[in-house]
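For reference, the chains in residue letters:
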Amino acid sequence: MGASQTRSEHKYQDLMDKTGFSLEQIKNLHNRFQQLSGNEETIRRENLDNIPALAKNPIRKQIIGAFFDKRNQHQQEVGSFEEISFEQFLMVMSHFRPPTLKTTEEEKESMRKEKLRFLFNMHDTDNDGTITLVEYRKVVEELLSKSGAIGQEVAKAIADAAMLEVASTNVPHMAPDDFYEGITFEHFEQILNGLEMESRMHIRFLDVDTTTVRCGRSTS
Amino acid sequence: MAVLRPGRGSSGPRLTGSVCVWLLVLASVASASRDNETWRNPARETPEDSRHQTNSSAHRKAFPVLSFNYDHVRKPFEISLWILLALLMKLGFHIIPRVSNVVPESCLLIVVGLLVGGIIKAIGEEAPVLDSKLFFLYLLPPIILDAGYFLPIRPFTENMGTILVFAVVGTLWNAFFVGGMMYGVCRIEGAQLGSVDLLSCLLFGSIISAVDPVAVLAVFEEIHINELLHILVFGESLLNDAVTVVLYHLFEEFSHAGTVTVGDALLGVVCFLVVSLGGVLVGAIYGILGAFTSRFTSHTRVIEPLFVFLYSYMAYLSAEVFHLSGIMSLIACGVMMRPYVEANISHKSYTTIKYFLKMWSSVSETLIFIFLGVSTVAGPHAWNWTFVIFTVILCLVSRVLGVIGLTYIINKFRIVKLTKKDQFIVAYGGLRGAIAFSLGFLLTNNEMKNMFLTAIITVIFFTVFVQGMTIRPLVELLAVKRKKESKRSINEEIHTQFLDHLLTGIEDICGHYGHHHWKDKLNRFNKAYVKRLLIAGERSTEPQLISFYNKMEMKQAMMLVESGSAAKLPTIVSSVSMQNIQPKGPARRRAIPSISKSREEEIRKILRANLQKTRQRLRSYSRHDLLIDPLEDNVSEIRFRRQRVEMERRMSHYLTVPANRQETPPVRKVCFESENQVYMYDDSESPTGRASQPQPSPPDAVSLLSESPRGPDQGGAPRAKGNAQPRAKAPDDQEEQEQLKLSRCLSDPGPNKDGEGNSSFLS
């Protein structure tokens, strides 16, 4: 028992360094992972699909897709996985850590970039480095997908207006014949600068194990 | 002495300012004095004339051509004159630019009040004092309502925990610390304060400990710090009212009895809960009533603002009846009412509400500060060096200690921690103001009252003058983050919504119910039940993103109206237009379409027949570039015209596109429904293809559809920018909209328009 404990701690140490979570948090997440995967080593899309609370979320497909997206693993690969291991699960989760009092300004900057990159990857589904109008429209449509027919019609107009705004702010003077290909990552950073992503895009990772109390279990 | 109107065309603002000041000081003094027989009032109407007429035959007196009856109108006259004085002062300060940059307005107003009070006293008259009833019932509510109605909800709820801790625990700490320490000070031998007992000290502590919303607003409004700090200090000043009310009543009750038992203390805690939650409940009830009422006001738009004001004021008064916290009630009412009322009322009513609230709160604030100055001069004072000095010092010390201590605890629970700079601003921004003065004024115990009042006034002066004046340079010195001035963009809104859903989803995957989960649940409850109940018509199901988008469209339309002509473009000067971002077809050439001549003729005829006003010339493709008839201030008309310009462009674009595109299914129609909603029927553009069938629309629209001409069905029909029109602006618009039928959407750019590129579709 002692040996396996130190071994798991050693393994967790590795993860702690890579993702920045604390030991408690990793343990809790591991428990949740086991719960989702049905005590297997990897989880697939179906495991995440089955979470009942996610059913009402308008963008759940994108969220689940983000977990299986290779780009979010910081390893310069593209494409998507069929199943992911705990380490990869943690890597995706690490995008949602909040800054602490000790985080320096540069660390905050890089955190912000990382989180914006995550969002960008969620929108840029064909991975060509830009969010085209079609992709952006898809985003807005998904957001309004629970709002019925009205949502769909206005979604287009909203996406168009948003795209126009990005183009106007970043490339103010375009001749009538020019075509704005799509939102690049720099433009994306630019327009979302005011939102201060590093302080907004985070969830509380509890240090207390809550999985035993929760009823949001996946069917296995 | 005659009252002259201050000359407007005088030489130089400073001269005007000082002339104003002196003349109005004189005027107010004159109004305060009672024996003024030489007052001329040439504009007097004498209804007594008729009476005298009938009597004149009986009496031999000469017929009085001009009589004087000041008592008749004295009260309203004086009130109006005071208000006029206050406002002219305010005007004067802004004309003199140098002073208003250094000294906050509140200080200047207090100084004016001191001056006026001094003059009144010098001529031996009795100056009006800031009557507590006047203050609490008439002057305070507008300010609080203004604050509550326009409270930024998101930062407030995100920081609610912190705000509550500061408000409740912080105020309690302040009260007991100051009270206790002052009792210790009073025990000092040489201070002649032996008669002050513990309970009186605690009472004094509870009065002086509360941060004042009026003063905070007045000062913070001018320094524009970032949203977080603003909401922390301001939220604290609003929510500590409950604590103040309870402590004040508790200690006042018991200062007569002499002792406080543990049972009483427990009752005090219960009372606190009752006061705060009760106040919120009362406010919420009135808020819901107000929202519900606004659902039915579509035919009587003119009185809509009155409902908002009256329900809120009733909430305040009802809470005051039961000694609940009136401020919290007012805030709760405003917060509760606002989202639903804004969805229901017309744009003009919204503007009215906004401006009336700002106006009333501005007047109130000005009057409060002036009266504070006057009362300082007027009131009986009992100056005791020890007491006053120690009060000021202890207030500062307790505030600083309180903030540091509480922040240490709070930071353990916050994600975005409060830095030392933040703590400093929060501590330094704890200003005391007129509420403390009024509460002190309400004290019935005469011997202590004067001393307490003096100390209170000193603290108020110290915080407002010293802290108020120095906070701006300190903010700049410490480089505290300022409020970002940019307005919210649609991209930010989209991503805020996206983030909300994303974070809720991640929380669900993680398996714990965090903030986002509950917020999401609340939103869904709101959407499913509450909105249906409280919002009229179609807007009850409108998602937030769409409301935001509509609001933005409105704002841009208003901007265009106000700018009047294309010469003065709105802030974003950019030549990017819809055209630059639309993905073009695979062939980007501008081939002339090969439609038959007869078809072409048909299209052209229909277009020309339905064209309304072709005064616009398309000069460039920017959506901001639009010639508007300045005589026309009908906003919906402007919006519609803008849409039409878009359509013109679009149409011409499509007509230059190769023919095969026009074989697409014929469903491009725009129709207007009576509630001003524009449904867009679109086809191939949607990647999902879901909207390819024309959606069944409400019966109103169908009749319009059937009247549309057949011609433009096949191709050439412009793709309209689908806009769901916002809340119905005014009933008279509706008639107009009915007339601007479908067919009018198709407009003819004219045969020989600008030769450049897009707009000509004929050879």
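Residues numbered from 1 in each chain as written. Chains lettered and ligands numbered in written order. Predicted model: local features only at pLDDT ≥ 70, side-chain atom pairs only at ≥ 80, totals over all residues. Heavy atoms only, no water.

S.K.: I keep staring at the overall build of chain B and nothing clicks. Help me out?
M.R.: For chain B, the count of helices and strands is 27 helices and two strands. Residue pairs in contact within chain B that sit at least 24 positions apart in sequence constitute 80% of those at least 6 positions apart. Accessible surface computed for chain B: about 35,300 Å², of which carbon and sulfur atoms make up 63%. (Helix = DSSP H or I, 4+ residues; strand = E, 2+ residues; numbered from the N terminus. Contact = heavy atoms within 4.5 Å. Areas by Shrake-Rupley, 256 points an atom, 1.4 Å probe, with all protein chains shown as cover.)

S.K.: Please explain the pattern of salt bridges as it appears in this structure.
M.R.: One side chain can pair with another of opposite charge once the charged atoms of both are near each other. All names here are of chain B. By the definition in use, this model includes 18 salt bridges over all chains. In this structure, Glu-158 engages Arg-154 in a salt bridge whose closest nitrogen and oxygen atoms are separated by 3.7 Å. Of this pair, Glu-158 and Arg-154 both sit in helix H7 (residues 153-158), four residues apart, which is roughly one turn of the helix. Here Arg-154 falls in the partly exposed class, since its relative accessible area comes to 30%. The shortest N-O distance in the salt bridge between Asp-520 and Arg-524 comes to 2.2 Å. In this pair, Asp-520 and Arg-524 are both assigned in helix H21 (residues 515-534), four residues apart and thus about one turn of the helix distant. Since its relative accessible area comes to 33%, Arg-524 is described here as partly exposed. Taken together, the shared-partner salt bridges in this structure form one network comprising Arg-154, Glu-158, Asp-500 and Lys-519. (Salt bridge = Lys/Arg side-chain N within 4 Å of Asp/Glu carboxyl O. Buried < 20%, exposed > 50% of the residue type's maximum accessible area, 1.4 Å probe, protein only.)

S.K.: Please clarify how a nonpolar patch on the surface should be interpreted in this entry.
M.R.: A surface patch of nonpolar side chains, amounting to about 770 Å² of accessible area, comprises B:Trp173, B:Trp383, B:Trp385, B:Ile389, B:Ile393, B:Leu396, B:Val397 and B:Leu401. If you trace the backbone, B:Trp383 turns up in the loop between helix H15 (347-378) and helix H16 (385-410). (Patch = residues over 30% accessible without salt bridge, like charges linked within 9 Å, V, L, I, M, F, W, Y side chains within 5 Å.)

S.K.: Quick question: what am I supposed to make of the packing of aromatic side chains here?
M.R.: What characterises a pair of aromatic rings is the spacing of the ring centres plus the angle enclosed by the ring planes. One pass over the structure, following the stated rule, counts 27 aromatic pairs over all chains. With a centroid separation of 5.7 Å and 85° between ring planes, the pair formed by B:Tyr70 and B:Phe77 is classed as edge-to-face. A relative accessible area of 16% places B:Tyr70 in the buried class. By the ring-pair criterion, three or more aromatic residues cluster together here, those being A:Phe33, A:Phe67, A:Phe86 and A:Phe89. Looking at B:Lys412, its charged tip hangs above the ring of B:Tyr408, at a distance of 4.3 Å from the centre. (Phe/Tyr/Trp six-rings, centres within 6.5 Å; stacked < 30°, edge-to-face > 60°. Lys NZ or Arg CZ within 6 Å of the ring centre and 35° of its normal.)

S.K.: Please explain helix H14 (residues 326-344) of chain B as it appears in this structure.
M.R.: Residue and element names in this part refer to chain B. The end-to-end C-alpha separation of H14 is 26 Å, in line with the 27 Å expected for 19 residues at 1.5 Å each. Arg-338 marks the point of greatest bend in H14, at about 45°, and the proline Pro-339 comes within the next four residues. Summarising burial for H14: 15 of the 19 residues are buried, a large majority. (Expected span 1.5 Å × (residues − 1). Bend = angle between axes of the 7 residues up to and from the residue.)

S.K.: What am I meant to see in unusual backbone geometry here?
M.R.: In terms of backbone geometry, most residues other than glycine have negative phi values and most peptide bonds are trans. All names here are of chain B. One non-glycine residue, His-224, lies in positive phi territory at about 50°. Assignment of secondary structure puts His-224 in the loop between helix H10 (213-223) and helix H11 (227-257). Here the phi dihedral of Ala-479 falls at roughly 55°; this positive angle occurs in a residue that is not glycine. With respect to the element layout, Ala-479 can be found in the loop between helix H19 (446-478) and helix H20 (490-510). When its relative accessible area of 53% is taken as the criterion, Ala-479 is described as exposed.

S.K.: Would you explain the packing of helix H6 (residues 132-149) of chain B against H10(B) in this entry?
M.R.: Helix-helix packing is characterised by the crossing angle of the two axes and by the distance between the axes. Residue and element names in this part refer to chain B. As a packed pair, H6 and H10 sit with axes 10 Å apart at the nearest point and diverge in direction by 60°. Regarding the angle of H6 to H10, the classification is oblique. By crossing handedness, the relation of H6 to H10 is classed as left-handed. Judged by residue contacts, Leu-140, Ile-143, Ile-144 and Ala-147 of H6 engage Pro-213, Val-214 and Leu-217 from H10. For the contact of H6 with H10, the residue count by class is seven nonpolar, no polar and no charged. (Axes fitted to C-alpha atoms, helices over the stretch in contact; angles between N-to-C directions. Parallel < 35°, antiparallel > 145°, perpendicular 65-115°, else oblique. Left-handed = near helix turned anticlockwise from the far one by under 90°. Nonpolar A, V, L, I, M, F, W, Y, C, P; charged D, E, K, R; others polar.)

S.K.: Help me out: how do you make sense of the nonpolar core in this one?
M.R.: Residues B:Phe135 and B:Leu140 are the most contacted members of the largest nonpolar core, which totals 135 residues. Sorting elements by how many residues they give to this core places H11(B) first, with 16 residues. For B:Leu140, the residues in contact, after removing those within four places along its chain, are B:Phe135, B:Val214, B:Tyr316, B:Ile327 and B:Ile435. Counting 73 residues, the second largest nonpolar core, distinct from the first, contains A:Phe68, A:Ile84, A:Leu119 and A:Leu144. (Core = buried A, V, L, I, M, F, W, Y, C linked by side-chain atoms within 4.5 Å.)

S.K.: Which parts of the structure should I look at to understand the confidence of the model for chain B?
M.R.: As a general rule, the predicted coordinates of low-pLDDT regions are not to be interpreted in detail. Residue and element names in this part refer to chain B. In this model, chain B carries a mean pLDDT of 72, and residues with pLDDT of at least 70 account for 65%. Per-element confidence in chain B ranges from a low mean pLDDT of 37 for helix H26 (residues 699-706) to a high of 93 for helix H13 (residues 304-321). Below a pLDDT of 50 lies the segment residues 565-572, which in the model reaches 13 contacts outside its immediate sequence neighbourhood of four places, other chains included. Confidence drops under a pLDDT of 50 for residues 657-763, and excluding neighbours within four residues, the segment shows 208 contacts in the predicted structure. For this predicted complex, the interface confidence reaches an ipTM of 0.89, while the overall pTM sits at 0.70. (pLDDT = per-residue confidence, 0-100.)

S.K.: Got a minute to help me understand the confidence of the model for chain A in this structure?
M.R.: All names here are of chain A. Residues of chain A with pLDDT of at least 70 account for 85%, and the chain-wide mean is 77. Summarising per-element confidence for chain A, the mean pLDDT is lowest in helix H1 (residues 2-19) (70) and highest in helix H6 (residues 105-123) (85). Segment residues 211-220: pLDDT under 50, and 17 contacts once partners within four positions in sequence are set aside and those in other chains are kept.

S.K.: Sorry if this is basic, but what is going on with the environment of B:Val129 here?
M.R.: All names here are of chain B. Along the polypeptide, Val-129 turns up in the loop between helix H5 (105-122) and H6. Its relative accessible area of 30% is what places Val-129 among the partly exposed residues. In this structure, the C-alpha to C-alpha distance between Val-129 and Phe-390, residues 261 residues apart in sequence, is 26 Å. Beyond its immediate chain neighbours, meaning those up to four positions away, Val-129 contacts Ser-375, Ala-378 and Phe-441.

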